Amino acid sequence: MAELVTSAVSERERLAALEATRALGIPSSPSLERVCELAREIFGTPISYVSLLDGDTQWIKADNGLPSSMPRASSFCDLTIRGGEVVVVPDAAKDARFRDSPLVAGPQGIRFYAGAPLELEPGVRLGALCLAAPEPRVLTETEARLLKRLAESVIDEVRRHASELDAARARAELDRSARENAEREEDLLRQNLLRERTESFSTSGSWEVDLATGHLTWSDGLYRLIGVEPRCGDPATLFRERVHPDDVGILDEAVASVAMGRGFSCVIRVVDGCGRVRHLSSRAEPLGGPEGAPERMIGVLNDVTQEKAVEAALRESEDHHRHAVELSPQVPWTAGPQGEIMEAGPRWAALTGMREEDTLGSGWVEALHPDDLHATLAAYGTALASGQPLDLAYRIRLTDGSYRWFRAYAAPRRAADGSIVRWYGTLEDIHDRRIAEEALRRSEAFARNILESTTDAVVVLDADWRVRYMNRRAEAFVARTSSLKVGDRLADLYPDHVFGELGRHMRAVTESGQACQVELFAHREKRWVELQICPTDEGGLSIFYRDVTEERRAREETVYLARHDTLTGLANRARFNEALAEMLASGERPDLAVLLFDLDLFKEVNDSLGHPVGDALLRQVAARLGQLVGEDALLARLGGDEFAAILRAGRAAEAAEAGARLVDGLRAPFFVEDNRIELAVSVGIAFAARDDADASPEDLFKAADIALYRAKEDGGDTARLFERSMMEHLEARQSMKRALAAAPARGELDLAFQPIIDLENERVEGVEALLRWQHPERGSVSPAEFIPLAEETGLIAEIGDWVLERACREAAGWPAHVSIAVNVSPVQFRSESLPLKVMKALTDSDLPPGRLELEIVESVLLQDSERNMRILHALKAIGVRISLDDFGTGFSSLSYLRVFPFDKLKIDRSFVSDIGRSPQSEAILRAAGELGRALSMTTTAEGVETREQLDWLRANRWSQAQGYVIGRPMPAAQIRDRLGVRPRDQARGTRQGLRTV
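Small disclaimer: the values here were computed from a predicted structure and weren't measured.

Thresholds applied
Residues numbered from 1 in each chain as written. Predicted model: local features only at pLDDT ≥ 70, side-chain atom pairs only at ≥ 80, totals over all residues. Heavy atoms only, no water. Helix = DSSP H or I, 4+ residues; strand = E, 2+ residues; numbered from the N terminus. Rg over C-alpha atoms; globule rule 2.2 N^0.38 Å. Buried < 20%, exposed > 50% of the residue type's maximum accessible area, 1.4 Å probe, protein only. Contact = heavy atoms within 4.5 Å. Areas by Shrake-Rupley, 256 points an atom, 1.4 Å probe, with all protein chains shown as cover. Polar contact = N/O pair within 3.5 Å; in protein donor to acceptor, adjacent residues only side chain to side chain. Salt bridge = Lys/Arg side-chain N within 4 Å of Asp/Glu carboxyl O. 1 Å grid on protein atoms, 1.4 Å probe; cavity = no way out; pocket = protein on both sides within 12 Å on 5 of 7 lines; lining within 4 Å. Points joined across faces, edges and corners; volume = space filled by probe spheres on them. Nonpolar A, V, L, I, M, F, W, Y, C, P; charged D, E, K, R; others polar. Core = buried A, V, L, I, M, F, W, Y, C linked by side-chain atoms within 4.5 Å. Axes fitted to C-alpha atoms, helices over the stretch in contact; angles between N-to-C directions. Parallel < 35°, antiparallel > 145°, perpendicular 65-115°, else oblique.

Chemist: What am I meant to see in the overall build of the protein here?
Modeler: In terms of helices and strands, the protein carries 35 helices and 37 strands. Whereas a compact globule of 997 residues would reach a radius of gyration of roughly 30 Å, the protein reaches 50 Å, over 25% beyond that. Within the protein, buried positions represent 46% of all 997 residues. Counted over contacts in the protein with a minimum sequence separation of 6, partners at least 24 positions apart contribute 59%. As displayed, the protein offers around 49,400 Å² of accessible surface, 51% of which is attributable to carbon and sulfur atoms.

Chemist: Any chance you could explain the side chain of Glu 578 here in plain terms?
Modeler: Of note, Glu 578 is situated in helix 19 (residues 573–585). Note on Glu 578: relative accessible area 17%, which makes it buried. A distance of 3.2 Å separates the side chain of Glu 578 from the side chain of Arg 563, its partner in a polar contact.

Chemist: So what exactly am I meant to see when it comes to the pattern of salt bridges here?
Modeler: Charged atoms that come close allow side chains of opposite charge to pair. Inspection of the entire model under this criterion finds 68 salt bridges. Note that Arg 137 is salt-bridged to Glu 143, the shortest N-O span being 3.5 Å. The partner of Glu 810 in a salt bridge is Arg 976, and the shortest N-O contact between them spans 2.7 Å. Of the two residues, Glu 810 is situated in helix 26 (residues 795–811) and Arg 976 in helix 34 (residues 972–979); the sequence distance between them amounts to 166 residues. For Arg 976, a relative accessible area of 24% translates into the label partly exposed. Taken together, the shared-partner salt bridges in this structure form one network comprising Glu 11, Arg 14, Arg 72, Asp 78 and Arg 82.

Chemist: I'm lost on empty space enclosed by the protein in this one. Help?
Modeler: With a probe scaled to a water molecule rolled over the atoms, the places where space remains empty come into view. Tallied over the full model, the rule gives 4 cavities of 30 Å³ or more. In this model, the largest cavity occupies a volume close to 100 Å³. As for the largest cavity, its lining consists of Val 331, Trp 333, Ile 341, Ala 344, Trp 348, Thr 359, Trp 364, Tyr 380, Tyr 394 and Leu 427. Its residues assigned to classes, the lining of the largest cavity comprises 9 nonpolar, 1 polar and no charged.

Chemist: Help me understand the nonpolar core in this model?
Modeler: What tends to happen in soluble globular proteins is that the nonpolar side chains get buried as a cluster. Counting 77 residues, the largest nonpolar core has Trp 814, Ile 820, Leu 852 and Leu 854 as the members making the most contacts within it. Considering every element that reaches this core, the biggest residue donor is helix 26, with 8 residues. When residues no more than four places from it in sequence are discounted, the contact partners of Leu 854 are Leu 804, Val 822, Val 824, Val 838, Leu 875, Val 880, Arg 881, Ile 882 and Ser 883. Core analysis: the second largest hydrophobic core is formed by 36 residues, Ile 42, Phe 112, Leu 147 and Leu 150 among them.

Chemist: Would you mind showing me how to read the packing of helix 19 against helix 23 (residues 697–713) here?
Modeler: Packed helices, taken two at a time, are described by the angle their axes make and the gap between the axes. Orientation of helix 19 relative to helix 23, taken along the N-to-C sense of each, is 120 degrees, at an axis distance of 9 Å. Judged on the interaxial angle alone, helix 23 and helix 19 are oblique. Contacts between helix 19 and helix 23 pair Arg 573, Phe 576, Leu 580, Ala 581 and Leu 584 from the former with Pro 697, Leu 700 and Phe 701 from the latter. Residue composition of the contact of helix 19 with helix 23, by class: 7 nonpolar, no polar and 1 charged.

What follows is the structure, given as structure tokens:
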């Protein structure tokens, strides 16, 4: 296998670290099981295990029914150890790297995997702490950090296991040394006995030298000592031949002493006739003559071979014992009957730097940690008083001033009468193990603290649904209505829940093994509760729940406001479009008619009687229209004085009759605040038979709109049914599309710029670029008319690129604090190259990304949301700002504020126009402003047309405002004047913008 490099650590080094820790030999310990159990409870996954990797195999520790080993190449863990961060595989079945893995394709059916590397030291990763589940899911950043902390706990357990193995190995070595010493002592005893038995044999000899003549005389015993027959040759020659080569010098010195008549004593080695080396002890003394001068030398040789062997064995035994003590990680010590230290192994001095004389007696306590002194001495006193073995841990100061944990163990040796003769003890370094155990305890406490600090209430049930654990929030919640506590059965105190809807969900989770999330109404507490129910490995359940009553109320209110007109209570445009699409998409839909109403004289009422009267009139009109169309119809207010209805009509004539009834019904006068008001209404009708498969909501609405236009052309106060002859209007649209396609090449497009001010200082902080079309025959064409045409034809992509490049070049010459806002059509998001086009426009113009703001509407998020969200994140990564435009008019704007970090929220002008007239609109504006601030977004109000609206927005803490009261859309030169841009600055900015074109 090729070596895998993680950071700067090779696979060979990683395997060496794995072998050094003996981690593969770790049994399934309670500590590892607790970590895995804790991971399953926290993350709600049915599977959590510890995985270790050697060269080609994955080994499972603390498993959940998984195989004990499997090939490394097919394991998730092999990917995890390649980096230092948590690896998440949301759906392994869709991941080409793992979909063929036995864990994914096999009976386990794993879909989700998350793994945190077990990093022994930087870059050295032994394996992973893994989560797995048979259903896809994701892991939040907070959960990833927690999983990594739990992985550190596993590494602590690996270190603790290695420390225990080292300590056990040291103790075994010490025991082996003691046994060998005992065996040597027995050998020595046997040798002594042998020597005593052989003393009766001839093991000595003598010699004599006449100093005058030099004649040497040997005894027979001396011949036998060197292994030759007596008198078989010259003694001096025979002896020199037998002397060990290394001892010839000793012999020469002895001969010289004899010649000088000086006594000597030595031990010399000889090689006897059998080739054995024998040690001979030789002593010689001179004997004097009559005149006192020595006449002869007499010497005795004794065979001391056995004694030398015993001495050598004893020295070897002592050396072995000394080395065993010096190399042992433990410190042996002995103490007297009263506890005074009599001896401490040499390792004590090496560890503490204390001299032997300073250690003996009670001097050793000087090395104790001050915090451990009292408890240690108390434990020693108790052991001495009771005579029971001593076993305790304390910290010792080392030579560098640091402290390490040691375990002291001692037992007494007693005399025959039971009195204590001496204490024998050892001091074992347990620092690494102690630190690992404390880290594991802290990790477990940390996980407990997380469960206690979470905003959710947490209840854990066993297989009998008996409460095993409740955090404080759960205890406080149930205390309102019951006395439920740990150990109680849920069914005894909550039978209505257990045998009701909650119980059905709990049983479904138990049977399927799949977690579920549900929102239920707790009748006792009269609160809505969101619950997440997860199975546990023991057959029980973990339930996480929280009170969502206020959230649900706010959500329902927001949903209602998003789909209903706040003034009349009718459905709004969004709800109308939604309902029309649903009815046309239904497989068994009836014949339908769409009716659009426009009040002919309403503007005059508003201008003459004021907005409050106009609002009251609209409410009365809505009530009367509801009576006229009936309960089966859907009635909506589209905005202003525009209403719409969807009716069931058997044929087109019936739809026309219904329109005529509405015209007649609204001719009756209305009475508002003593004012008699008469109105007229124009009605446009489009009919769609049930067999008209080509009918679409857009086409039906457009047809009704064309018919409404014809009714207004005919003088109003009438109803018109759409006819084919009205298609001339559509033909005109086609003509407009052709003209629009040629407009860029003819130079008919231009940009207008509308300022946006900061409401705190009224300084222009931004400018919105607005597209304008000057038609050669029709003159200025409204963007509301030609932008939809451009989107239909796809021209919006080309036009949008032009707008982006032109706006960036223009903004490059403005002050640095002024940003440029450009609208991006949903159609432009169909191109994956949109971020590249934005980068090109920024690069060509030298405009900093932070000064470009792209405005999108909610439909971008509704259509192909996954791809569009990916493009949005790519744009965000460039550094441009993203604004959500027309907020409050879409389908579900709030949900997308949660999934994408918008920089700005732009409220639709329809709400701003109601300031001072509609408390409901003002409430929505306040809520939207608070929402934007809570999400750290800039809030901008569009369509501000009066000073009163501007003051209201400032008072309610809106960030920015845009509208006619601030400045109408203006040409580029005029906006430069507004921004105070001097011609030479703009020229420099323009040159910068064109530099790379």
